Amino acid sequence: MKRIVLGLFLTFLFVADVYAQSGVCTKKLDIQQVKTALEPVLGGAKVIKVSPSPVKGLYEVIVEARGRQIPVYIDCSERYLITGEIIDLKEKRSITRERARELAKKVVEEKMKKLEKVLGKAKIEKLKKALGESFADIKIVDLKKIPKENLILFGNPAAKMTVYVVTDPECPFCAKFDTEMMKVLEKRKDVKFELILFPLPFHKHAQKIVQRIVCEKSVEKKKKILEESFEAVRKRNEKKLAQLGKECKEGEKVIQEHFKFGSEAGIGGTPAIIFPYGIMVSGWMTADQINRVLDALK
């Protein structure tokens, strides 16, 4: 409790200092100016709206990252960024938290409108049953923006349904998903999986493994290297992972393209499964869960 009070007190002092330095500002901030000032330091997040805050001299900036919208604040000189809460002491409420809840509700409502337009109400109900609690966390991805080259295909090439899997060859949950994916393919010919290689920066060997996979000419060799990598992950064989990697400039370019797509789609980890209609679910799934979603979207 003491830490919370101290944190709020320090935030108050900082806001007071900014206010004192900036004075009472009457100019209206232009959204493009705020984008120029903030986006280079926001790590891929986007500025989507700027409006006056309840505190004179400060503006509320709505920032979007990975499908979430949050309020932050900037002073009228565009020098100071504040990420703390604005607390109304008279009303005894957090204006920032209330605003964050409003934004979250709006995002959900917009997502549901998109889903209804794409799927229709009947399919939505089926998808809710198939996903359970995970339904609340789904995102909608623009399938046209998925990079179509340098993907690894598993399953029937002529299958009517395509599932895209954002995967990392050194990710334990990706290795688990790979096992479940193979179970699905053993029983179904109406679906194919296309894997988007997405090596996470904190995985020691993933970058070089992906580079080698990209630069291999044989499709079967690409698949073999990926499966060997997943097997090494399952057995915790780091020596094998180190042996599978190889530097390749073409691979570096592909990784950058895939990261660009991932940033735009709000992908923060692997695996991420993109079902038909652009329905994206984050995290690994069992074969049974995958089949239920596929059947719901038929």
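Read on for a plain summary of the structure. (Residues numbered from 1 in each chain as written. Predicted model: local features only at pLDDT ≥ 70, side-chain atom pairs only at ≥ 80, totals over all residues. Heavy atoms only, no water.)

What follows is about the overall build of the protein chain. Broken down by element type, the protein chain carries 10 helices and 12 strands. Along the first, second and third principal axes, the C-alpha set of the protein chain runs to 65 × 50 × 40 Å. Burial status across the protein chain gives 43% buried among its 298 residues. In the form shown here, the protein chain has an accessible surface area of approximately 17,500 Å², with 53% of it arising from carbon and sulfur atoms. (Helix = DSSP H or I, 4+ residues; strand = E, 2+ residues; numbered from the N terminus. Buried < 20%, exposed > 50% of the residue type's maximum accessible area, 1.4 Å probe, protein only. Areas by Shrake-Rupley, 256 points an atom, 1.4 Å probe, with all protein chains shown as cover.)

Each full turn of the α-helix corresponds to 3.6 residues, which orients residues three or four apart in the same direction. Taken together, the buried positions of helix H6 (residues 206–215) are Ala 206, Ile 209, Val 210, Gln 211, Ile 213 and Val 214. Where H6 is buried, its residues contact strand E8 (152–155), strand E10 (191–197), helix H7 (219–234), helix H8 (238–244) and helix H9 (249–265). (Contact = heavy atoms within 4.5 Å.)

The next point concerns the state of the cysteines. All told, the structure shown has 1 disulfide when counted by the stated rule. Paired by a disulfide, Cys 215 and Cys 248 hold their sulfur atoms 1.5 Å apart. In this pair, Cys 215 is assigned in helix H6 and Cys 248 in the loop between H8 and H9, connecting sequence segments 33 residues apart. (Disulfide = S-S within 2.5 Å.)

Mapping Ala 37 onto the fold places it in helix H2 (residues 31–38). Take Ala 37: its relative accessible area is 32%, and that puts it in the partly exposed class. In sequence terms Ala 37 and Val 47 are 10 residues apart; their C-alpha atoms lie 10 Å from each other.

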